[in-house]
Amino acid sequence: MPALVAVMIMVSIGTFSWGSIRNLKSHPWQSSVVMLVTVLVVVSTHDLAQGVVAGVILSGLFFASKVKRLFDVASELSADGRTRTYRVSGQVFFASSERFADAFDFKEVLDNVVIDLTAAHFWDISAVGSLDKAILKFRREGTHVEVIGLNQASATMVDRFAVHDKPGAEAALGAH
C-alpha cells in the first residue's frame, strides 16, 4: 500500500500543470476562481466528483453572466408617431429576461408596437414569460402588438408555452 501511495503522489506531481499557478493573475479571473474552487472542494472533500460538479456549476454561472450582457433592444418610432418598432438582438433566457421586460416603454401612447425578434433567440420558459408579460402590458394600454422574426426553435417554444395568444391570457397574467 505505501508503494501505491508513493506512485500516486508521483503521478499527481507529474501531471499537475505547475504553470497554471503562475498564470492565475494573467488568466481571466473567472477561470482562476473555477480552478481554485475545484481544487479546494477536491482537497476538502477528498472527492474528485464533487470538485468537478462545483467547477461545472461555477463555469455555468459565469457563462450565463457573460451571455446575458450580449443582449440589446433598440427602438424606432415611425414617421407618423403611431408605431414603435423594438428590435431585440441577442440571447433571451432567465438571466436576461428581466432586461428584456425593462426595455419597453408601456406608458408611451401608441397605436401599434412591433417586436422584431429576427436577431434574438429565446432559450427558456422565463424568456417566453417575459414576452407574454410585455405583450399583455401593451394590450392593457390599448396598443396592438405584432411579434415578427422568431426563428424556428424560438417559435416552437413560444407556441408551446406562451399564453398571450390563448383565451383568458389577460386573467392568467393579471396578477403579475
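Residues numbered from 1 in each chain as written. Predicted model: local features only at pLDDT ≥ 70, side-chain atom pairs only at ≥ 80, totals over all residues. Heavy atoms only, no water.

With that settled, the discussion passes to the overall build of the protein chain. On a plain count of helices and strands, the protein chain comes out with eight helices and four strands. Listing every helix and strand of the protein chain by position from the N terminus yields α-α-α-α-β-β-α-β-α-β-α-α. Radius of gyration (C-alpha) of the protein chain: 24 Å, far over the 16 Å computed for a compact globule of 176 residues. Dimensions of the protein chain along its principal axes, counting C-alpha atoms only, are 80 × 35 × 30 Å. A burial count over the protein chain gives 32% of its 176 residues as buried. Of the contacts made within the protein chain by residues no fewer than 6 positions apart, 68% connect residues no fewer than 24 positions apart. Seen as two clouds, the 16 positive and the 17 negative side-chain charges of the protein chain have centres 9 Å apart. (Helix = DSSP H or I, 4+ residues; strand = E, 2+ residues; numbered from the N terminus. Rg over C-alpha atoms; globule rule 2.2 N^0.38 Å. Buried < 20%, exposed > 50% of the residue type's maximum accessible area, 1.4 Å probe, protein only. Contact = heavy atoms within 4.5 Å. Lys, Arg positive; Asp, Glu negative; His and termini not counted. Charge placed at Lys NZ, Arg CZ, Asp CG, Glu CD.)

This part takes up the environment of valine 43. Note on placement: valine 43 falls in helix H3 (residues 29-45). Classification of valine 43 as exposed rests on a relative accessible area of 56%. Distance in space between the C-alpha atoms of valine 43 and arginine 87 is 49 Å, their sequence separation being 44 residues.

For helix H6 (residues 125-140), spanning 16 residues, the distance from its first C-alpha to its last is 22 Å, which sits close to the expected 22 Å at 1.5 Å a residue. Listed in full, the buried residues belonging to H6 are Ala127, Val128, Ser130, Leu131, Asp132, Ala134, Ile135, Leu136 and Phe138. With its phi angle positive at about 85°, glycine 142 sits one or two positions after the end of H6. (Expected span 1.5 Å × (residues − 1).)

Looking at the secondary structure, you find arginine 139 in helix H6. Note on arginine 139: relative accessible area 33%, which makes it partly exposed. Taking C-alpha positions, arginine 139 is 19 Å from aspartate 159, a pair spaced 20 residues apart along the chain. In this structure the side chain of arginine 139 is engaged in a polar contact, spanning 2.6 Å, whose partner is the backbone oxygen of histidine 164. (Polar contact = N/O pair within 3.5 Å; in protein donor to acceptor, adjacent residues only side chain to side chain.)

Nothing here speaks to function; it is all geometry.
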